[in-house]
Amino acid sequence: MIPAIMPTYGRAEMTFEKGEGSWLIDRDGSRYLDFGAGIAVTALGHAHPELVKVVQDQAASLWHTSNLYNIPSQQALAEKLVEETFADTCFFTNSGAEAMECALKTARKYWSAKGQPERVNIITFTGSFHGRTIATISAAASEKLTDGFGPLLPGIINLAAGDHDALRAAMDETVAAVVIEPVQGEGGIIPLPDACLKGLRDLCDETGALMICDEIQCGMGRTGKLFAHEWAGVTPDIMAVAKGIGNGFPLGACLATEDAASGMTAGSHGSTYGGNPLACAVGAAVVDRIAEPAFLDGVNRKAGLMRQKLEGLVAAHPDIFELVRGSGLMIGIKCKVPNIDMVNAGYAEHILTIPGGDNVIRVLPALNISDDEIADGVARLDRAASALEAAL
Ligand SMILES: *Cc1c(COP(=O)(O)O)cnc(C)c1O
């Protein structure tokens, strides 16, 4: 019999009832150290007191009005994002996939408004992940995501990541936009070298194609800059944001320059819930906190500590681990055993990590995790790896 919850997930047998910073507490009161943060979502930790207060205050005054009226917290959040980024304008959504959907629509509409409606093709790369709608699975184009879902979105050109010649050949006057994750997340924490992002920017400038960054996982301070593309010193034309921006309250955003958004006029796009007062109140508080230079300095320092300890972990368990890679507190540990075995061994030591592509386990802790918690978590992974070794 089909379960009441559609069985699209294989779930671990754990039920959490409470969160506190970097800890999750299950029904029996057992504490688990959270190195996954709900897949890079709870960037400021669970039950952050300031954010709890923001939600409570907003919940007591107004939940929802629709976008037919002005929403002050949405306006405040948009102004903060415009101030902190390359963007001139923002559209708010409830999820990452919807933010990507808006990015793709914005790019096609741009060319239509410029009198080139035939310029619709979107270049994407293998190993990427952009969400689970038909458009976004079409963009990522992996069989695992698209199998059985029928005709996909036309106009996607999915190229092998790193094949510069294929990219150059494909960049013709039919290309509306190129979509890139500066650090691939689901694909296995694979950072794009700065030079490649710069090269892509140059190619877009030469051909007119818009550059769309999917920073849904790697953005919002995760790599130690507010957005990962900043490391390369270039800016996209359009960017999708979600995950960390709501700290667990569903919120996403599509950011764009004035020029890139020039087709998005009244009536062209919409969302009932997107940008609702509750979500935007939280988002504004999250962006305030994460955009602080001192906060980002802290992320970079903690990332150095985490990286050093994880390098030690990998060196200590050469039969279990192959290497560490990533950027900031977005880290992948490539395993020699099946990654899920390592994730499960971690559960036994009460440490939560997340499996990813290319047989990695992902380490995506809260960005305000303490030094002691970093040391504690790596010690737990060390014990978990020893247990796996004993069973080899
Ligand atoms: C999670 C993710 C998405 C999809 O976000 P949802 O909120 O699950 O729709 C898209 N792109 C990237 C890079 C992601 O990590």
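Everything here concerns the structure above.
Description of the structure in this document. A quick note: this is a predicted structure, and the numbers were derived from the prediction, not measured.

## Some points on the pairing of strand β7 (residues 175-180)
- Most of β7 sits inside the fold, with six of its six residues counted as buried.
- Here strand β5 (residues 121-125) runs beside β7; their pairing, made up of three bridges, is parallel. Considered in β7, the bridge of I123 is made with V178.

## What about the sheet that holds strand β11 (residues 238-241)?
- Strand order across the open sheet formed by seven strands is β4-β12-β11-β10-β7-β5-β6, with mixed pairing between neighbours. The sheet is open, and its two edges are formed by β4 (89-93) and β6 (156-159), each paired on a single side. With strand direction ignored, the average angle separating the axes of adjacent strands in the sheet is 20 degrees.
- Sheet contacts for helix α8 (residues 194-207): β7 and β10 (210-214); angle to β10, the most-contacted strand, approximately 145 degrees.

## Regarding the sheet that holds strand β17 (residues 360-363)
- With antiparallel pairing, the four strands of this open sheet are ordered in space as β13-β14-β17-β16. The strands lining the two open edges of the sheet, one partner per strand, are β13 (321-327) and β16 (354-356). When strand polarity is set aside, the average angle formed by the axes of neighbouring strands in this sheet is 30 degrees.
- Bridge analysis of strand β14 (residues 330-335) against β17 gives four bridges, and the strand direction is antiparallel. When the bridges of β17 are listed, K334 appears paired with V360.
- Against the sheet, helix α10 (residues 293-316) touches β13, β14 and β17, its axis set at about 165 degrees to β13.
- Against the sheet, helix α11 (residues 339-348) engages β13, β14, β16 and β17, with an angle of about 175 degrees to β16.

## A closer look at helix α3 (residues 72-84)
- Along its 13 residues, α3 runs 18 Å from first to last C-alpha, staying within 8% of the 18 Å computed at 1.5 Å per residue.
- Buried within α3 we find S73, Q74, L77, A78 and L81. For α3, the buried positions fall inside an angular range of 135 degrees around the axis, keeping them on one side. When the buried face of α3 is taken as reference, the exposed residues oriented beyond 90 degrees from it are P72 and E83.
- In this structure, the buried residues of α3 make contact with β4, β12 (252-256) and α9 (277-290).

## Observations regarding unusual backbone geometry
- Not every positive phi belongs to a glycine, and A37 is a case in point at roughly 50 degrees.
- For A37, the position within the fold is in helix α1 (residues 37-40).
- Since its relative accessible area comes to 1%, A37 is described here as buried.
- Notably, M220 is not glycine yet its phi reads approximately 55 degrees, a positive angle.
- Given a relative accessible area of 2%, M220 falls into the buried group.

## Remarks on the pairing of β5
- Of all five residues in β5, five are buried; the element is thus mostly enclosed.
- Residues N121, I123 and F125 point to one face of β5 and I122 and T124 to the other, with burial holding for every one of them.
- Both β5 and β6 contribute to a ladder of four bridges, which runs parallel. Following the sheet pairing, I123 is matched in β6 by I157.

## Observations concerning the environment of Q184
- When you line up the elements, Q184 lands in strand β8 (residues 183-184).
- Residue Q184 is classed as buried on the basis of its relative accessible area of 10%.
- Taking C-alpha positions, Q184 is 9.9 Å from H130, a pair spaced 54 residues apart along the chain.
- A distance of 3.0 Å separates the side chain of Q184 from the backbone oxygen of T126, its partner in a polar contact.

About the criteria used
- As a convention, each chain's residues are numbered from 1 in the sequence order in which they are written.
- Under the rules for a predicted model, residues below a pLDDT of 70 receive no local features and side-chain atom pairs below 80 are neither given nor counted, while totals for whole chains, interfaces and linings still include all residues.
- Note: side-chain values were computed over all heavy atoms of the structure, leaving out hydrogens and water.
- Relative accessibility under 20% of the residue-type maximum defines a buried residue, over 50% an exposed one, and the middle range a partly exposed one, all with a 1.4 Å probe and only protein chains included.
- Helical segments are the DSSP runs of H or I of at least four residues, strand segments are the runs of E of at least two, and each set is numbered from the N terminus.
- Two strands qualify as a pair provided that DSSP identifies no fewer than 2 bridges between them.
- For every element, the axis is a line fit to its C-alpha atoms; helices are fit only across the contacting stretch, and the angle between N-to-C directions ranges from 0 to 180 degrees.
- Contacts are residue-level and defined by heavy atoms, with any inter-residue pair within 4.5 Å sufficient.
- Helix span, as expected, comes to 1.5 Å for every residue beyond the first.
- Arc, as used here, means the arc of the directions from the helix axis to the C-beta atoms.
- The definition of a polar contact used here is a pair of N or O atoms within 3.5 Å, where within protein one atom must be able to donate a hydrogen and the other to accept one, and adjacent residues in sequence count solely through side-chain atom pairs.

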